[in-house]
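# Observations on the three-dimensional arrangement
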Amino acid sequence: MSGTPGTPGAPATSVTPGAPATSATPGTPGTPSTPAIGVLALQGDVREHLVALAAAGAAARPVRRPEELAEVDGLVVPGGESTTISKLAVLFGVLEPLRARVRDGLPVYGTCAGMIMLADKILDPRSGQETAGGIDMIVRRNAFGRQNESFEAAVDVRGVEGGPVEGVFIRAPWVESVGAAVEVLAEHDGHVVAVRQGNALATSFHPELTGDHRVHRFFADMVRANRAARSL
């Protein structure tokens, strides 16, 4: 279903309602060259994404509440437990605002559980599991196996220069099928593991766990391009 923070097998983190939000770049709006990109900080490998986004030239900040979501130019939905993220997003009142902003063109990037959260349909959802949607795809949870079957593999991602990226797959989903508007960016072992539809990007794997920030730079460039287009 998802990955976990730090290293394969490390426990995921979560927050509780009312917990104070901290920010890597508090109180400052993004600029064209340094967009404000949030990480949905409800559960999962939030810290790793904040580090990767900062290295990619973004003003990175955690997002837990609707008012924080309203202040960012883009959003990463991290790996973790997709069912837990879904339920916490409802509890924190952020799921519907996220759906609205995605429909309005907010650039979003989901890794592993985040890919599931951005899918329009899940093949085998848990009871009560919801998604934000945004990508016309069907995903299968835990498709690459259990936690002890986690692995790393070199993945060629279309649009990411410099050769293959190292993909960390932890209880990872894969994409069963995509709609006509979805661009397949990468496959592994015959399965789709990276896709893009407009301003929405998703990968089955975790680039934030490798120290290679090219996928995050790719997403930061998507956010910059969207800001530039909206300023015209």
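Bear in mind that the values here come from a model prediction, so they are computed numbers and not experimental data. Numbering of residues starts from 1 in each chain and follows the order in which that chain's sequence is written. Where totals are concerned, whole chains, interfaces and linings use all residues; where local detail is concerned, this predicted model gives features only for residues with pLDDT of at least 70, and gives and counts side-chain atom pairs only at 80 or more. Computation of side-chain values: all heavy atoms of the structure, hydrogens and water removed.

What follows is about the overall build of the chain. Every helix listed is a DSSP run of H or I at least four residues long, and every strand listed is a run of E at least two residues long, numbered separately from the N terminus. Broken down by element type, the chain carries six helices and 12 strands. Looking at the chain as a whole, 55% of its 232 residues are labelled buried. Contact definition: two residues touch when any of their heavy atoms are within 4.5 Å. Considering only contacts in the chain between residues 6 or more positions apart, those separated by 24 or more positions represent 70%. For the area figures, the Shrake-Rupley method with a 1.4 Å probe applies, and any residue is considered shielded solely by the protein chains shown. If you sum the accessible surface of the chain, you get close to 9400 Å²; carbon and sulfur atoms cover 51% of it. Burial classes: relative accessible area under 20% of the type maximum marks a residue as buried, over 50% as exposed, and values in between as partly exposed (1.4 Å probe, protein chains only).

Another point: the packing of aromatic side chains. Classification of ring pairs uses Phe, Tyr and Trp, with its six-membered ring standing for Trp, and accepts pairs whose centres are within 6.5 Å; under 30 degrees between planes counts as stacked, over 60 as edge-to-face, and the remaining range as tilted. Under the defined criterion, the tally for this structure stands at six aromatic pairs. Both rings, one in Tyr-109 and one in Phe-219, keep their centres 5.7 Å apart while their planes meet at 45°; by these two values the pair is tilted. Residue Tyr-109 is located in strand E4 (residues 108–111), and its partner Phe-219 is located in helix H6 (residues 214–231); the two are separated by 110 residues in the primary sequence. Judged by its relative accessible area of 0%, Tyr-109 falls in the buried class. Using a relative accessible area of 0% as the deciding quantity, one classes Phe-219 as buried. Ring geometry for Phe-144 versus Trp-174: centroids 5.0 Å apart, planes at 85°, classification edge-to-face. With Phe-144 in the loop between strand E6 (135–140) and strand E7 (151–155) and Trp-174 in strand E9 (residues 174–178), the pair connects residues that are 30 residues apart, well separated along the chain. Taking relative accessible area as the criterion, Trp-174 reaches 15% and is therefore assigned buried. Joined through ring pairs, the aromatic side chains of Phe-144, Phe-151, Phe-169, Trp-174 and Phe-205 make up one cluster.

Let us now look at helix H3 (residues 82–91). Each α-helix winds once per 3.6 residues, and so residues spaced three or four apart point in a common direction. Taken together, the buried positions of H3 are Ser-82, Thr-83, Ile-85, Ser-86, Leu-88 and Ala-89. Just past H3, the residue Gly-93 takes up positive phi, approximately 70°.

Time to look at the nonpolar core. Note on soluble globular proteins: their nonpolar side chains tend to be buried together. In this description, a nonpolar core means a group of buried Ala, Val, Leu, Ile, Met, Phe, Trp, Tyr and Cys residues linked to one another through side-chain atoms lying within 4.5 Å. Membership of the largest hydrophobic core comes to 34 residues, with the highest contact counts inside it found for Leu-69, Leu-75, Ile-135, Met-137, Val-139 and Val-195. Excluding its chain neighbours within four sequence positions, the residues that come into contact with Val-139 are Met-115, Ile-116, Ala-119, Lys-121, Ile-122, Leu-123, Trp-174, Val-175 and Glu-176. Val-155, Phe-205, Met-222 and Val-223 belong to the second-largest nonpolar core, a separate cluster that totals 33 residues.

So, on to helix H4 (residues 95–103). Restricting attention to buried positions, one finds in H4 the residues Leu-95, Leu-98, Arg-99 and Val-102. One face of H4 carries all of its buried residues, which in axial projection span an arc of 100°. Looking at the residues trailing H4, positive phi occurs at Gly-105, about 105°. The arc in question is traced by the directions running from the helix axis to the C-beta atoms.

Further remarks concern the environment of Ala-186. With respect to the helices and strands, the residue Ala-186 is situated in strand E10 (residues 183–188). When its relative accessible area of 4% is taken as the criterion, Ala-186 is described as buried. If sequence neighbours within four positions are ignored, Ala-186 has contacts with Val-155, Asp-156, Val-157, His-191, Val-192, Val-193 and Ala-194.

The backbone phi angle of Arg-171 is positive, close to 45°, even though this residue is not glycine. Structurally, Arg-171 is set in the loop between strand E8 (165–169) and E9. On the basis of relative accessibility, which here comes to 19%, the residue Arg-171 falls in the buried class. The backbone of Asp-189 shows a phi angle near 55°, a positive value even though the residue is not glycine. Here Asp-189 lies in the loop between E10 and strand E11 (191–197). Residue class for Asp-189 comes out exposed when judged on its relative accessible area of 64%.

A residue's pLDDT is the confidence the predictor assigns to it, expressed on a 0 to 100 scale. Taken as a whole, the chain shows an average pLDDT of 88; of its residues, 87% reach a score of 70 or greater. Within the model, pLDDT remains below 50 along residues 1–28, and this stretch shows 81 contacts once partners closer than five positions in the same chain are excluded.

It is worth spelling out the pairing of E11 at this point. Where E10 and E11 come together, five bridges link them in antiparallel fashion. Considered in E11, the bridge of His-188 is made with His-191. Pairing between strands is defined by DSSP: at least two bridges between them are needed. Connecting E10 to the antiparallel partner E11 that follows it, the hairpin turn spans two residues, and Asp-189 within it adopts a positive phi of roughly 55°. Between E11 and strand E12 (residues 200–203), which pair antiparallel in sequence order, lie two residues; one of them, Gly-198, sits at a positive phi of approximately 60°.

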